[in-house]
Amino acid sequence: MYRSHVLICGGTGCTSSGSAAIEKALITEIEKNGLKDEVQVVKTGCFGLCALGPIMIVYPEGTFYSMVKAEDIPEIVEEHLLKGRIVTRLVYQETVTDSGIKSLQDTAFYKKQHRVALRNCGVINPENIDEYIGENGYQALAKVLTEMTPEEVIQTILDSGLRGRGGGGFPTGKKWELARNIVKDADQKYVCCNADEGDPGAFMDRSVLEGDPHVVLEAMAIAGYAIGASQGYIYVRAEYPIAVQRLEIAIKQAREYGLLGKNIFGTDFSFDIGLRLGAGAFVCGEETALMTSIEGNRGEPRPRPPFPAEKGLFQKPTILNNVETYANIPQIILNGADWFASMGTEKSKGTKVFALGGKIHNTGLVEVPMGTTLRTVIEEIGGGIPNGKKFKAAQTGGPSGGCIPAEHMDIPIDYDNLISIGSMMGSGGLIVMDEDNCMVDIAKFFLEFTVDESCGKCTPCRIGTKRMYEILDKITRGQGTLEDIDKLEELCYYIKQNSLCGLGQTAPNPVLSTLRYFRDEYIAHVVDKKCPAGVCKHLLSFEIDPEKCKGCTLCSRVCPAGAISGTVKSPHVIDKNKCLKCGACMEKCKFGAISKK
């Protein structure tokens, strides 16, 4: 029995910031101070507040140390763990009050969250199956195998209202029901997990796999029992080495405990899971392309119907859900459908995990009930926009989604509401933009991504997205016309209607949403030949105000093109023909004499 537990974030974010070195230093200092039998160090998954990493929490006090460095460890061990005095300067400042250290759950970032999918992340050691079992792990699997029929399991998921968290929002129970009933006499069925998280700025599934891998294994086994499958596959991108390692450990442990393999819990149900690593192709997030890749072929989508519930992996009935969807399943089984359905909105039940990034104070993972407003997520949980800037838009759904403008900040976030305003839930990436972002440039960024990631199988996507990108590039260079905007919009609708899979069908969304809410910026680019946000370089010009310029020569010394001339203590001048528009001069000027127009 230990008197203190020190939890260190072992997720990708904190690991990249040096949490492994902190863990090593902590173990060394604990042994040096003779605390080895009193203090236990636990490497956990993501706590959520990634902006403050590396993160370390000391229990039972719940003291939240942020941005910890290896050189801080001796002080923390000596003062806090040995003498019981909290090192206040290293504690997350919002938790510090006049009366002491307040609970992390009372901070703005956490108090409006409700963790279901993320409930074990940052709580347990993901590499220790006993800790997962200690948090009611595998009890849901035991319950369905010993107390419920497959039909009852499916009905529970249907009644819960759980919809797919991978982007499409299809009812999970309905998908399972179809896979069980369409081909009842199939000699083999499969359960697949989509862990190929490809949206720029999205890291929800990665964090679940890194912090709670057993929940996915348990849920897949439950799904296997429900549809009559004996084999599962997790398709995870190879760029997630920590997630892959922890999945391998979890699968090995589950097999050793008899929780995967033959005759689970002494029943006649057998189920096993294999890992398949993806090479990072965005199109393999589409279900048929993912299954084609698992089969060993080039990841390209197949025409539907037939749908995977009838002919999926190896032409057998198959279900595919993403990591977050599976992370909800055991809790629904244990707590009941009504418990899950009590959260969220009428048509979007439960919670949703978002990866909050971009121009926001609190970058990280948040899980909120469906129906929470965008304003709550950005201003309260996210801490608002840095540097006093104004909120401009939020991109949900990555390259498949759309931009939500400030006028819709109070709309409740759920599947149907987002679609109604030209966006979509997607897998949960939420990128915040401020007044310094150019919306034409944002649309161009996502189109460039889509062009690169198109598999090329169908003409509308292969060629159409390229033509869209070329028009956007032309506009950002100041060479566009009003006719180009009309042509761009027409092309968007054509590609949506004629592409083979979801990648092409949703690729125009960022363009359509920015045209819908920020058309004035497109017009400014083509009519006034100006970028209102000052982002598009071809439409920029840098000028020196002779009244403010002190002739310090700093700007001319940093200019890589030698475009600035002038003598000491005299106003300088920028040669616009030589200027690269890199902005180095403006960054270095101490007198605010340089402006971009």
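These figures come from a predicted structure and were not determined experimentally. (Residues numbered from 1 in each chain as written. Predicted model: local features only at pLDDT ≥ 70, side-chain atom pairs only at ≥ 80, totals over all residues. Heavy atoms only, no water.)

Moving on to the overall build of the protein. Summing up its helical and strand segments, the protein has 22 helices and 19 strands in all. For the protein, the C-alpha radius of gyration of 27 Å lies close to 25 Å, the compact-globule estimate for 597 residues. Its C-alpha atoms give the protein principal-axis dimensions of roughly 85 × 65 × 40 Å. Relative to its 597 residues, the protein shows a buried fraction of 56%. Residue pairs in contact within the protein that sit at least 24 positions apart in sequence constitute 69% of those at least 6 positions apart. When the accessible surface of the protein is summed, it comes to about 24600 Å², and 49% of that surface belongs to carbon and sulfur atoms. Counting 67 positive and 74 negative side-chain charges, the protein places the centres of these two groups 6 Å from one another. (Helix = DSSP H or I, 4+ residues; strand = E, 2+ residues; numbered from the N terminus. Rg over C-alpha atoms; globule rule 2.2 N^0.38 Å. Buried < 20%, exposed > 50% of the residue type's maximum accessible area, 1.4 Å probe, protein only. Contact = heavy atoms within 4.5 Å. Areas by Shrake-Rupley, 256 points an atom, 1.4 Å probe, with all protein chains shown as cover. Lys, Arg positive; Asp, Glu negative; His and termini not counted. Charge placed at Lys NZ, Arg CZ, Asp CG, Glu CD.)

With an omega of 20°, the peptide bond between Tyr59 and Pro60 qualifies as cis. Along the chain, Pro60 falls in the loop between strand 3 (56-59) and strand 4 (63-65). In this structure, Lys529 takes a positive phi of about 55° despite not being glycine. Note that Lys529 resides in the loop between helix 20 (509-528) and strand 16 (542-544).

Take helix 16 (residues 439-453) next. An ideal rise of 1.5 Å per residue puts 21 Å on 15 residues; helix 16 measures up with 21 Å between its terminal C-alpha atoms. Of the positions making up helix 16, those classed as buried are Met439, Val440, Ile442, Ala443, Lys444, Phe446, Leu447, Phe449 and Thr450. Check the buried side of helix 16 and you find it contacts strand 13 (391-396), strand 14 (402-405), strand 15 (429-434), helix 17 (459-476), helix 19 (502-506) and helix 20. (Expected span 1.5 Å × (residues − 1).)

The calculated volume of the largest pocket comes to roughly 1200 Å³. If you go around the largest pocket, you meet 42 residues; those closest to its centre are Gly166, Gly167, Gly168, Gly285 and Glu287. Of all elements in the fold, only helix 7 (172-181), strand 7 (190-195), strand 10 (318-322) and helix 19 reach the threshold of two or more residues within the lining of the largest pocket. Tallying contributions element by element places strand 10 first for the lining of the largest pocket, with five residues. The residue inventory of the lining of the largest pocket, partitioned by class, reads 13 nonpolar, 19 polar and 10 charged. Empty space within the second largest pocket amounts to approximately 360 Å³. (1 Å grid on protein atoms, 1.4 Å probe; cavity = no way out; pocket = protein on both sides within 12 Å on 5 of 7 lines; lining within 4 Å. Points joined across faces, edges and corners; volume = space filled by probe spheres on them. Nonpolar A, V, L, I, M, F, W, Y, C, P; charged D, E, K, R; others polar.)

This next bit is on the sheet that holds strand 13. Read across the open sheet, the five strands follow the order 12-11-15-13-14; overall the sheet is mixed. Both edges of this open sheet fall to strand 12 (364-369) and strand 14, since each of them pairs with a single strand only. Averaged over all neighbouring strand pairs, the angle between strand axes comes to 30°, with direction disregarded. Across the sheet, helix 20 lies against strand 13 and strand 14, angled at about 35° from strand 14, the strand it touches most. (Pairing = 2+ DSSP bridges. Axes fitted to C-alpha atoms, helices over the stretch in contact; angles between N-to-C directions.)

This next bit is on the nonpolar core. Nonpolar side chains tend to gather and get buried jointly when the protein is soluble and globular. Among the nonpolar cores identified, the biggest contains 69 residues, and Trp176, Ile234 and Phe271 are the most heavily contacted of them. Looking at this core element by element, the count peaks at 11 residues for helix 9 (residues 213-227). If we ignore the near neighbours within four places in the chain, the residues touching Trp176 are Val153, Ile154, Ile157, Ile222, Ala223, Ala226, Ile227, Ile319, Asn321, Tyr326 and Ile329. Counting 45 residues, the second-largest nonpolar core is a separate cluster that includes Val42, Leu49, Ile55 and Phe64. (Core = buried A, V, L, I, M, F, W, Y, C linked by side-chain atoms within 4.5 Å.)

A contiguous nonpolar patch, built from Leu482, Ile523 and Val527 and spanning about 240 Å² of accessible area, is present on the exposed surface. Within the secondary structure layout, Leu482 lies in helix 18 (residues 482-498). (Patch = residues over 30% accessible without salt bridge, like charges linked within 9 Å, V, L, I, M, F, W, Y side chains within 5 Å. Salt bridge = Lys/Arg side-chain N within 4 Å of Asp/Glu carboxyl O.)

Each pair of packed helices can be described by the angle between their axes along with the distance between the axes. One way to put it is that helix 8 (residues 204-211) packs onto helix 9 with a least axis distance of 5 Å and a crossing angle of 95°. By the angle class used here, helix 8 and helix 9 are roughly perpendicular. Between helix 8 and helix 9, the residues in contact are Val208, Leu209 and Gly211 and Pro213, Val215 and Val216, respectively. Its residues placed into classes, the contact of helix 8 with helix 9 shows five nonpolar, one polar and no charged. (Parallel < 35°, antiparallel > 145°, perpendicular 65-115°, else oblique.)

Another aspect to go through is the packing of helix 9 against helix 10 (residues 241-256). Closest axis-to-axis distance for the helix 9/helix 10 pair is 9 Å, and the angle between their directions is 55°. Between helix 9 and helix 10, the angle is such that the two are oblique. The handedness of the crossing between helix 9 and helix 10 comes out as right-handed. Between helix 9 and helix 10, the contacting residues are Pro213, His214 and Leu217 on the first element and Arg246, Leu247, Ala250, Ile251, Gln253 and Ala254 on the second. Taken together, the residues of the contact of helix 9 with helix 10 sort by class into six nonpolar, two polar and one charged. (Left-handed = near helix turned anticlockwise from the far one by under 90°.)

Turning next to the sheet that holds strand 9 (residues 272-278). The strand order across the open sheet built from four strands is 9-8-7-10, with neighbouring strands paired in parallel fashion. Whereas interior strands pair on both sides, the edge strands pair on one side only; in this sheet they are strand 9 and strand 10. Each strand of the sheet is rotated relative to its neighbour by a mean of 20°, with strand direction disregarded. By the bridge criterion, six bridges tie strand 7 to strand 8 (residues 231-237) in an arrangement that is parallel. In the sheet register, Asn194 faces strand 8, and the bridge partner there is Tyr235. In this fold helix 9 packs onto strand 7, strand 8, strand 9 and strand 10, with an angle of close to 145° to the strand it touches most, strand 7. Packing against the sheet, helix 12 (residues 323-335) makes contact with strand 7 and strand 10, and its axis sits at approximately 95° to strand 10.

Here we come to the pattern of salt bridges. This structure, assessed with the given rule, holds 35 salt bridges. In this structure, Arg165 and Glu324 form a salt bridge, with 3.9 Å as the shortest nitrogen-oxygen distance. Separated by 159 residues along the polypeptide, Arg165 in the loop between helix 6 (150-160) and helix 7 and Glu324 in helix 12 bring together distant segments of the chain. Both residues of the pair, Arg165 and Glu324, count as buried. Across the salt bridge formed by Lys174 and Glu177, the nearest N and O atoms sit 3.4 Å from each other. In this pair, Lys174 and Glu177 are both assigned in helix 7, three residues apart and thus about one turn of the helix distant.

Let us now look at the packing of aromatic side chains. Here the structure, examined in full by the defined rule, presents 10 aromatic pairs. Judged by centre distance (6.3 Å) and plane angle (50°), the ring pair of Trp339 and Phe340 falls under tilted. Take Trp339: its relative accessible area is 27%, and that puts it in the partly exposed class. Overall, the relative accessible area of 0% leaves Phe340 in the buried class. When the ring of Phe445 is compared with that of Phe446, the centres are 5.1 Å apart and the planes differ by 70°; the resulting orientation is edge-to-face. (Phe/Tyr/Trp six-rings, centres within 6.5 Å; stacked < 30°, edge-to-face > 60°.)

Honestly, it's all geometry; don't read function into it.
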